[in-house]
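Structural overview
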Amino acid sequence: MKRLDYVFLRVVRWSSWPLLLLVILFLITGYIMSGRFGMSRFMDEKTALTIHKLMHLPLLVLLVAHVVPAVYLAFQRWGWIKRRNHPHATTKVISNSP
Ligand code: HEM
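These numbers were taken from a predicted model, which means no experiment stands behind them.

**Here's the deal with the site of the ligand**
What surrounds the ligand is a group of 13 residues, the closest being Leu9, Arg13, Ser16, Trp17 and His66. Arg13 places a side-chain nitrogen or oxygen 2.6 Å from an oxygen atom of the ligand. Elements represented by at least two residues in the shell around the ligand include exactly α1 (3-34) and α3 (56-77). Counting residues per element, the shell around the ligand draws most heavily on α1, at eight residues.

What follows is the structure, encoded as structure tokens:
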């Protein structure tokens, strides 16, 4: 695997966990604001709205960081993007560790 692909794969994996946390927080603050599932007993609507609004930019940034390299690697795998052979490219064995 080329160094660029390796870096992209790490970005996909590292961005995914804060992204997952943000999506969960988005849902929770949304339910608190709408008073669904009795969630409003955990936090008042105003605070939930403030937190909800603060998370838009980080969510967008993490979603782009997670999805763009994932799509690039998928297109390469499908042969839609040609693999560039770099003369100095090192072949590196990738372990399954994140
Ligand atoms: C908000 C939505 C998403 C969340 C919370 C999310 C979360 C995750 C998590 C937790 C992983 C496992 C990472 C690891 O193994 O360390 C993962 C892997 C992955 N995600 Fe997502 N994901 C989201 C959306 C997407 C989308 C839209 C795509 C595709 C375009 C995508 C493509 C991938 C791929 C390709 C992997 C596997 C990476 C690998 O080979 O290890 N994800 N995602």
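**Comments concerning the nonpolar core**
In a soluble, globular protein the nonpolar side chains are often hidden away together inside. Of all hydrophobic cores here, the largest spans five residues; its members are Leu19, Leu22, Phe26, Met55 and Leu62. The biggest single contributor to this core is α1, with three residues. Setting aside residues up to four positions removed in sequence, Leu19 forms contacts with Leu59, Leu62, Leu63 and His66.

**Some points on α3**
Given a rise of 1.5 Å per residue, 22 residues ought to cover 32 Å, and the 31 Å separating the end C-alpha atoms of α3 matches this to within 8%. Listing the buried residues of α3 in full gives Leu62, His66, Pro69, Tyr72, Leu73, Ala74 and Gln76. Lining the buried residues of α3 we find α1. After α3 finishes, the residue Gly79 shows a positive phi value of roughly 80 degrees.

**Observations regarding the coordination of the iron atom of the ligand**
You will see that the iron atom of the ligand has only one donor from the protein, His66 (NE2), lying 2.0 Å away. Among the secondary structure elements, His66 is positioned in helix α3.

Procedures and definitions
- Residues numbered from 1 in each chain as written.
- Predicted model: local features only at pLDDT ≥ 70, side-chain atom pairs only at ≥ 80, totals over all residues.
- Heavy atoms only, no water.
- Near = heavy atom within 4 Å.
- Polar contact = N/O pair within 3.5 Å; in protein donor to acceptor, adjacent residues only side chain to side chain.
- Helix = DSSP H or I, 4+ residues; strand = E, 2+ residues; numbered from the N terminus.
- Core = buried A, V, L, I, M, F, W, Y, C linked by side-chain atoms within 4.5 Å.
- Buried < 20%, exposed > 50% of the residue type's maximum accessible area, 1.4 Å probe, protein only.
- Contact = heavy atoms within 4.5 Å.
- Expected span 1.5 Å × (residues − 1).
- Donors = N, O, S within 2.8 Å, 3.2 Å for Na, K, Ca; no water.

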